[in-house]
Amino acid sequence: MDRRNILLGLGALAVAGCAADVSNRIGPDGLPLPQRYNIGPDDADDIKFRMLDSVNTLRQAAGVTPVQLDPQLTAAAATHSLDMANQNRPWMFGSDGSSPLDRARRAGFRGRMLGENISESYETELQTLAAWMENTSTRTVILDPDARRMGFSWHQEDAGKLWWTLNMGTDQAIQSPMPVPGTI
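In what follows, the accompanying structure is described. Bear in mind that the values here come from a model prediction, so they are computed numbers and not experimental data. (Residues numbered from 1 in each chain as written. Predicted model: local features only at pLDDT ≥ 70, side-chain atom pairs only at ≥ 80, totals over all residues. Heavy atoms only, no water.)

## Concerning the overall build of the protein
Point 1. For the protein, the helix and strand inventory stands at 6 helices and 4 strands.
Point 2. Of the regular secondary structure in the protein, the N- to C-terminal order runs α-α-β-α-α-β-α-α-β-β.
Point 3. Taking all 184 residues of the protein together, 36% fall into the buried category.
Point 4. Counting contacts in the protein only where the partners sit at least 6 residues apart, residues at least 24 apart contribute 68% of the total.
Point 5. For the protein, the computed accessible surface area is about 10700 Å², with 55% contributed by carbon and sulfur atoms. (Helix = DSSP H or I, 4+ residues; strand = E, 2+ residues; numbered from the N terminus. Buried < 20%, exposed > 50% of the residue type's maximum accessible area, 1.4 Å probe, protein only. Contact = heavy atoms within 4.5 Å. Areas by Shrake-Rupley, 256 points an atom, 1.4 Å probe, with all protein chains shown as cover.)

In structure tokens, the structure reads:
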């Protein structure tokens, strides 16, 4: 009998040891603490194409044309993500006062810039996309029927915080190019 009780006690102790301690994952506000989402150098292409595929799935469901990744819009997104991290604030204007349109022009984009979505988070790209889809103004950018080009990038701080930027624009063949300052 003692042997059975000892084995049952050890079994119960083993099960109790397997239970996760959630107290260190809940913040003082009762919400889960952010979990670090590590992005390695080999993950960049996977993340960009996972976002592109997800955006195009949402666009297809909405009955609009798919988009393709654009290197100039992606360069503008990368520049802005780093700039937001350096400023430590998510906002549409660069530290030099640049707008999304200015950054797209500087990167060589010649279509029409339709919109920019930004985020400061510890969330994955798909969690960020889901959050953008819950907001009317950011969802409108993603589902813009005129969009044919997408730029997407991020900057991850050493502590894990992510600064995401998604740009949408037209194809130059569909819309007239953006005017160059001083030519009008």
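## Side note on helix H3 (residues 71–87)
Quick reminder: α-helices carry 3.6 residues per turn. Residues three or four places apart thus point the same way.
Point 1. With 17 residues, H3 should cover 24 Å at 1.5 Å per step; its first-to-last C-alpha distance of 24 Å lies within 8% of that length.
Point 2. Buried within H3 are the following residues: Leu73, Thr74, Ala76, Ala77, His80, Ser81, Asp83, Met84, Ala85 and Gln87.
Point 3. After H3 finishes, the residue Asn88 shows a positive phi value of roughly 55°. (Expected span 1.5 Å × (residues − 1).)

## Quick look at helix H5 (residues 125–134)
Point 1. Those residues of H5 not exposed but buried are Glu125, Thr128, Leu129, Trp132 and Met133. One side of H5 holds all its buried residues, which, seen down the axis, span an arc of 140°.
Point 2. Those residues of H5 that are buried are in contact with helix H2 (44–61), strand S2 (113–121), helix H6 (136–142), strand S3 (149–156) and strand S4 (162–169). (Arc of directions from axis to C-beta.)

## Things to note about the pattern of salt bridges
Point 1. Scanning the model with the defined rule gives 6 salt bridges in all.
Point 2. Between Lys161 and Glu120 there is a salt bridge, with the nearest N and O atoms lying 2.7 Å from each other. Separated by 41 residues along the polypeptide, Lys161 in the loop between S3 and S4 and Glu120 in strand S2 bring together distant segments of the chain.
Point 3. Given a relative accessible area of 15%, Lys161 falls into the buried group.
Point 4. In this structure, the salt-bridge partner of Arg149 is Asp171, at a minimum N-O distance of 2.9 Å. Taken together, the residues span a long stretch of sequence, with Arg149 in strand S3 and Asp171 in the segment after S4 at a distance of 22 residues. (Salt bridge = Lys/Arg side-chain N within 4 Å of Asp/Glu carboxyl O.)

## A few points about the side chain of Thr128
Point 1. Relative to the elements of secondary structure, Thr128 occurs in helix H5.
Point 2. A relative accessible area of 1% places Thr128 in the buried class.
Point 3. Not counting the four nearest positions on each side in its chain, Thr128 is found in contact with Ser119, Ser121, Glu123 and Trp164.

## Some thoughts on the nonpolar core
Point 1. Of all hydrophobic cores here, the largest spans 20 residues; its most connected members are Val55, Met150, Phe152, Trp164 and Leu166.
Point 2. Secondary structure elements with two or more residues in this core: H2, H5, H6, S3 and S4.
Point 3. If near-sequence neighbours (up to four positions away) are discounted, Val55 is found in contact with Val67, Leu129, Ile142, Met150, Leu166 and Met168. (Core = buried A, V, L, I, M, F, W, Y, C linked by side-chain atoms within 4.5 Å.)

## So, the sheet that holds strand S1 (residues 68–69)
Point 1. Here 4 strands make up an open sheet; going across it, the order is S1-S3-S4-S2 and the pairing mixed. Here the strands that pair on one side only, and so sit at the sheet edges, are S1 and S2.
Point 2. Sitting on the sheet, H2 touches S1, S3 and S4, and the angle it makes with S3 is about 135°. (Pairing = 2+ DSSP bridges. Axes fitted to C-alpha atoms, helices over the stretch in contact; angles between N-to-C directions.)

## Digging into the pairing of S4
Point 1. For S4, a buried count of 8 out of 8 residues is recorded, marking the element as mostly surrounded by other parts of the structure.
Point 2. The alternating pattern of S4 places Leu162, Trp164, Leu166 and Met168 and Trp163, Thr165, Asn167 and Gly169 on opposite faces, both of which are buried.
Point 3. Bridge analysis of S2 against S4 gives 8 bridges, and the strand direction is antiparallel. When the bridges of S4 are listed, Ile118 appears paired with Thr165.
Point 4. Connecting the antiparallel pair S3 and S4 is a turn made up of 5 residues, with Gly160 showing a positive phi of about 110°.

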